[in-house]
Amino acid sequence: MFSLKGKVALVTGGAHGIGYFMAKALYNAGATVVVNSSNEASLSKGVEEYKKDGVTVHGYVFDVTDEVAVTEAISKIEKEVGVIDILVNNAGIIKRIPMCDMKVEEFKKVIDVDLTAPFIMAKAVIPNMIKKGGGKIINVCSMMSELGRETVSAYASAKGGLKMLTRNIASEYGKYNIQCNGIGPGYIATEQTAPLRELQADGSRHPFDKFIIGKTPAERWGNPEDLEGPTVFLASKASDFVNGHVLYVDGGILAYIGKQI
Ligand code: GCO
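Below or above, wherever it landed, is the structure these notes cover. (Residues numbered from 1 in each chain as written. Predicted model: local features only at pLDDT ≥ 70, side-chain atom pairs only at ≥ 80, totals over all residues. Heavy atoms only, no water.)

Assigned secondary structure in the chain consists of seven helices and seven strands. Along the chain direction, N to C, the helices and strands of the chain fall in the order β-α-β-α-β-α-β-α-β-α-β-α-α-β. Taken over 261 residues, the chain has a buried fraction of 49%. Put simply, 73% of the contacts in the chain that link residues at least 6 apart link residues at least 24 apart. Counting only carbon and sulfur atoms, one obtains 56% of the accessible surface of the chain, whose full area is about 12,500 Å². Within the chain, the 29 negative side-chain charges are centred at a point lying 4 Å from the centre of the 29 positive side-chain charges. (Helix = DSSP H or I, 4+ residues; strand = E, 2+ residues; numbered from the N terminus. Buried < 20%, exposed > 50% of the residue type's maximum accessible area, 1.4 Å probe, protein only. Contact = heavy atoms within 4.5 Å. Areas by Shrake-Rupley, 256 points an atom, 1.4 Å probe, with all protein chains shown as cover. Lys, Arg positive; Asp, Glu negative; His and termini not counted. Charge placed at Lys NZ, Arg CZ, Asp CG, Glu CD.)

Listed below in structure tokens is the structure:
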């Protein structure tokens, strides 16, 4: 029930970060994998990495926030690879700026990439999923789909909205055998969170690093590999009656009040 043989999966932002590992997991479960990137250089680097990992992917460069570019790209992918059965909306950015210092343009940019783009991507793939008799949409949510913290107002607004977009797609298209769920990574050790783990000048751990360890029952940061199993689960037959759910892969952060310090 976890096999993805014969399925076509598209992972946006799949050339690096957690998207790379999610795409690799889908490939290893049997899917034909397509990855998107916003630029050629990042895509080429990612495809080389995939090759070293023995993973064959089809790469396409397009801007996920541009509906015309997305429509053209999806049509090209459907001709060259096949109709998309599994969409992973992973592409995302974050700007860590105190809200009152953040420019409106900066706020809008984060909303555009992290929330509007998943809307555009889902809108582009759902019609042919319906024709095909069903499909899977996995939106990469966040701890910030549930919690706020200083300096991430735009990101939290987008990821909170993405949780509700997930529920709405599930509500509106569940009757077509389309399951739309979220994956909510906890604090995962990637480039995106590297600034939160940088060693201090005196060689001590970053205060945020110590904070997260104290907030996580597993007492560790997540590894991108921790997302591979949940991704295959939500992409496969095994989750055909799971819809509108956000599966948090957070080592228990959301369940835990935090260590007494
Ligand atoms: C931050 C982090 C988080 C993680 C992830 C947590 O600045 O708080 O970047 O947002 O990236 O989203 O689920």
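Back to the write-up after that little detour.
As a matter of local geometry, the ligand sits amid 14 residues, with Arg96, Ser142, Met143, Arg149 and Pro185 nearest to it. At 2.6 Å from an oxygen atom of the ligand is found a side-chain nitrogen or oxygen belonging to arginine 149. Within the side chain of tyrosine 187, one N or O atom sits 2.8 Å away from an oxygen atom of the ligand. A breakdown of the residues in the shell around the ligand according to their chemical character gives eight nonpolar, four polar and two charged. (Near = heavy atom within 4 Å. Polar contact = N/O pair within 3.5 Å; in protein donor to acceptor, adjacent residues only side chain to side chain. Nonpolar A, V, L, I, M, F, W, Y, C, P; charged D, E, K, R; others polar.)

Right, let's talk about the packing of aromatic side chains for a bit. In this description, a pair of aromatic rings is defined by centroid distance and the angle of the planes. Tallying each qualifying case throughout the model produces six aromatic pairs. Residues tyrosine 20 and tyrosine 50 carry aromatic rings whose centres are separated by 4.2 Å and whose planes lie at 15° to one another, so their mutual orientation is stacked. Taken together, the residues span a long stretch of sequence, with tyrosine 20 in helix α1 (residues 17-28) and tyrosine 50 in helix α2 (residues 40-52) at a distance of 30 residues. Note on accessibility: tyrosine 20 and tyrosine 50 belong to one class, buried. When the ring of tyrosine 187 is compared with that of tryptophan 221, the centres are 5.7 Å apart and the planes differ by 90°; the resulting orientation is edge-to-face. Linking tyrosine 187 in the loop between β6 (178-185) and α6 (207-215) with tryptophan 221 in the loop between α6 and α7 (228-235), this pair joins segments that are 34 residues apart in sequence. Residue classification places tyrosine 187 among the buried positions, given a relative accessible area of 13%. (Phe/Tyr/Trp six-rings, centres within 6.5 Å; stacked < 30°, edge-to-face > 60°.)

This part covers α1. Over its twelve residues, α1 runs 17 Å from end to end, which matches the ideal 16 Å to within 8%, given 1.5 Å per residue. Taken as a whole, α1 has its buried residues at Ile18, Gly19, Tyr20, Phe21, Met22, Ala23, Lys24, Ala25 and Leu26. Directly beyond the C-terminal end of α1, a positive phi value near 110° is found at glycine 30. (Expected span 1.5 Å × (residues − 1).)

To continue, consider the sheet that holds strand β5 (residues 135-140). The strand order β3-β2-β1-β4-β5-β6-β7 describes an open sheet built from seven strands, whose pairing is parallel. The sheet is open, and its two borders are formed by β3 (57-61) and β7 (246-249), each paired with just one other strand. Across this sheet, the average inter-strand angle for adjacent strands is 20°, counted without regard to direction. Strands in contact with helix α5 (residues 153-173) are β5, β6 and β7; relative to β6, the strand with the most contacts, it is inclined by about 160°. (Pairing = 2+ DSSP bridges. Axes fitted to C-alpha atoms, helices over the stretch in contact; angles between N-to-C directions.)

Side chains Val8 and Leu10 project from strand β1 (residues 8-11) onto one buried face, and the interleaved Ala9 and Val11 project onto a second face that is buried too. Taken together, the four bridges between β1 and strand β2 (residues 32-37) define a ladder with parallel strand orientation. Directly across from valine 11, in β2, lies its bridge partner valine 35. Each parallel crossover has a hand, and for β1 linked through α1 to β2 it is right-handed. In terms of strand pairing, β1 meets strand β4 (residues 86-89) through three bridges, oriented parallel. Looking across to β4, one finds that alanine 9 is bridged to isoleucine 86. (Right-handed = clockwise from strand over helix to strand, strands pointing away.)

A separate point is the packing of helix α4 (residues 104-132) against α5. Packing of α4 against α5 leaves a shortest axis separation of 8 Å and a crossing angle of 15°. Classed by the angle they form, the pair α4 and α5 counts as roughly parallel. At the point where α4 passes α5, the crossing takes the right-handed sense. Seen from α4, the contacting residues are Phe107, Val110, Ile111, Asp114, Leu115, Pro118, Phe119, Ala122, Ile126 and Ile130; seen from α5, they are Ser153, Ala154, Tyr155, Ser157, Ala158, Lys159, Gly161, Leu162, Leu165, Ile169 and Tyr173. Class assignment of the residues belonging to the contact of α4 with α5 gives a composition of 16 nonpolar, three polar and two charged. (Parallel < 35°, antiparallel > 145°, perpendicular 65-115°, else oblique. Left-handed = near helix turned anticlockwise from the far one by under 90°.)

Examined against the element boundaries, glutamate 228 turns out to sit in helix α7. Lysine 24 is the oppositely charged side chain nearest to the buried, salt-bridge-free glutamate 228, at an N-O distance of 4.1 Å. If sequence neighbours within four positions are ignored, glutamate 228 has contacts with Phe21, Lys24 and Ala25. (Salt bridge = Lys/Arg side-chain N within 4 Å of Asp/Glu carboxyl O.)

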